[in-house]
Every structure is written in C-alpha cells, then in structure tokens.
Amino acid sequence: GEDVEQSLFLSVREGDSSVINCTYTDSSSTYLYWYKQEPGAGLQLLTYIFSNMDMKQDQRLTVLLNKKDKHLSLRIADTQTGDSAIYFCAETRAGSYQLTFGKGTKLSVIP
Amino acid sequence: DVKVTQSSRYLVKRTGEKVFLECVQDMDHENMFWYRQDPGLGLRLIYFSYDVKMKEKGDIPEGYSVSREKKERFSLILESASTNQTSMYLCASRTGGHGDEQYFGPGTRLTVT
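Residues numbered from 1 in each chain as written. Chains lettered and ligands numbered in written order. Predicted model: local features only at pLDDT ≥ 70, side-chain atom pairs only at ≥ 80, totals over all residues. Heavy atoms only, no water.

Caption draft 1: Structural context of the overall build of chain B. Assigned secondary structure in chain B consists of zero helices and eleven strands. Along its sequence from the N terminus, chain B presents helices and strands in the succession β-β-β-β-β-β-β-β-β-β-β. Against the compact-globule benchmark of 13 Å for 113 residues, chain B has a radius of gyration of 13 Å, which places it among compact chains. Total accessible area on chain B stands at roughly 5,400 Å², and carbon and sulfur atoms take up 49% of it. Across chain B, the 16 positively charged side chains and the 16 negatively charged ones have centroids separated by 6 Å. (Helix = DSSP H or I, 4+ residues; strand = E, 2+ residues; numbered from the N terminus. Rg over C-alpha atoms; globule rule 2.2 N^0.38 Å. Areas by Shrake-Rupley, 256 points an atom, 1.4 Å probe, with all protein chains shown as cover. Lys, Arg positive; Asp, Glu negative; His and termini not counted. Charge placed at Lys NZ, Arg CZ, Asp CG, Glu CD.)

Caption draft 2: Local environment of the interface of chain A and chain B. Chain A puts 22 residues into the contact, and the matching count from chain B is 22 residues. Buried surface at the junction of chain A and chain B, both sides included, amounts to about 1,800 Å², of which 57% is carbon and sulfur. Taken together, chain A and chain B are joined by zero salt bridges. The interface formed by chain A and chain B includes three residue pairs in polar contact (both at pLDDT 80 or more). (Contact = heavy atoms within 4.5 Å. Buried area = accessible area lost by both parts, 1.4 Å probe. Salt bridge = Lys/Arg side-chain N within 4 Å of Asp/Glu carboxyl O. Polar contact = N/O pair within 3.5 Å; in protein donor to acceptor, adjacent residues only side chain to side chain.)

Caption draft 3: Structural view of the packing of aromatic side chains. With the rule as written, the count across this model stands at 14 aromatic pairs over all chains. Residues Tyr33 of chain A and Tyr35 of chain A carry aromatic rings whose centres are separated by 6.2 Å and whose planes lie at 35 degrees to one another, so their mutual orientation is tilted. Across the pair, exposure class does not vary: Tyr33 of chain A and Tyr35 of chain A are buried alike. Ring geometry for Tyr35 of chain B and Phe104 of chain B: centres 5.8 Å apart, planes at 35 degrees, overall tilted. Pair noted here: Tyr35 of chain B is in strand β4 (residues 31-38) and Phe104 of chain B is in strand β10 (residues 103-104), with a separation of 69 residues, a long-range link. Here Tyr35 of chain B matches Phe104 of chain B in class, with each residue buried. Pairwise contacts between aromatic rings join Tyr31, Tyr33, Tyr35, Tyr48, Phe50, Phe88 and Phe101 of chain A together with Phe33, Tyr35, Phe48 and Phe104 of chain B into one cluster. Taking NZ or CZ as reference, Lys56 of chain A lies 4.3 Å from the ring centre of Tyr48 of chain A, over its face. (Phe/Tyr/Trp six-rings, centres within 6.5 Å; stacked < 30°, edge-to-face > 60°. Buried < 20%, exposed > 50% of the residue type's maximum accessible area, 1.4 Å probe, protein only. Lys NZ or Arg CZ within 6 Å of the ring centre and 35° of its normal.)

Caption draft 4: Looking closely at the sheet that holds strand β3 (residues 19-25) of chain B. All names here are of chain B. Pairing within the open sheet is antiparallel, and its four strands lie in the order β1-β3-β8-β7. One side of each edge strand has no neighbouring strand; the edge strands of this open sheet are β1 (4-6) and β7 (64-70). Strand after strand, the sheet turns through a mean of 20 degrees between neighbouring axes, direction not considered. Here β1 pairs with β3 via three bridges, running antiparallel. Opposite Gln6, over in β3, you have Cys23 as the bridge partner. (Pairing = 2+ DSSP bridges. Axes fitted to C-alpha atoms, helices over the stretch in contact; angles between N-to-C directions.)

Below, the structure is given as structure tokens:
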C-alpha cells in the first residue's frame, strides 16, 4: 500500500537552514503537501507542490521534488524559534479524496 | 476566516461510556475526515465522508462509527470507549478539488480511564 516516510526528529540552531525530508511510494501521487502542527493545535497547510513541478519557493520555504526518487524536501531558511513544530508530509493521488500522511518530523530550534 | 471547530478541546470519559465528538465546518466543504494522532504513529484516518449521509471507512475504523446528517457537521462516535482509544482526535474538511487545502480543527484530547 501507499506509504509516506519521514525522520522523526530534527534539531537546528536559530538562523541556520532546516531541511526536512520525506519519501513516498505511490508513483501516482499528484499533489504533495507540507503541514505544520504547533503544540496543542491542529495542522496548518504550509505549502504544496504539484507532481509535474520540481521546485516551489514561498518566502523562507523551498520545496524540492524528485519524482524519480519519490523524494520531497522542505527547506526553511533562517530558521526561527517560532518554526519549532511538527512538520507532516502528505500526498494524494488523482481520484482520491484522501491524503496519506507521514508520521511527522519534530523540528526543535535551539536559540 | 475559514473554520473547523470541534466541540471539546479536552474530554475525560470512563471505560464503556458512549462518546460523541462533534465537528463543524463553515466552508461548505463536501469532504470531512476524522483522524486520531498518537506519538510515533502520526495521523491515522478513522472515517471520512464525501457527502451528506455518506461515509467510508479509513484505516482504523474498528470501535468507531460516524454520522453526517448535515453537510457542515460530522460526528465521531465511540460506542463503548476503551482505554486504547485515549488519543488526540482531529477533524478536517476540504472541497472535492485536488490540490485544495485540507483544513483541520484544533483537536480533541480524549482520555478514557
């Protein structure tokens, strides 16, 4: 079945760049998403990328997609303490109502 | 401002009780979802609904049922709560369009004692 894998933890220093990685198995994935969950809150969409794109940039966020390797990454430039959260990778495919989520990567930013 | 609201942020129930978790969205979305979130397991889909009175089982439906009598409301029911259902429950909604954002509620932390 479909699977989305992420490492569980990442720790970076304030001001450095963070790179959160994700791999997925479903080659028919059409959209790939990054969600952010702050402590005690629900998930908020950060950004998404369509599968025919290689890269998407939105202010401090850069999403890279390697469709051949089924690898997705989220780069956060100039990481701030407010970026400390759990980041979820998710994918969906054409014709499906559902998103398949990874287990989430907990990003800790050290002041 | 789009909103998905959940009836309770925290809930404590006893084993064997019937539990209702309510979710309401004000965006006229067709699709609504219930997930549970557990440490190390991420989000797991319990049930979803793509229209009023329609429901589909997700990955872990056992021990749960749902109700969608109105488009804006999707209820999760634990017929007889058990301690292994202690978890964070997240409701979400989205339109039927691919690539559209899935909006999440703030979550209900349920403890079954």
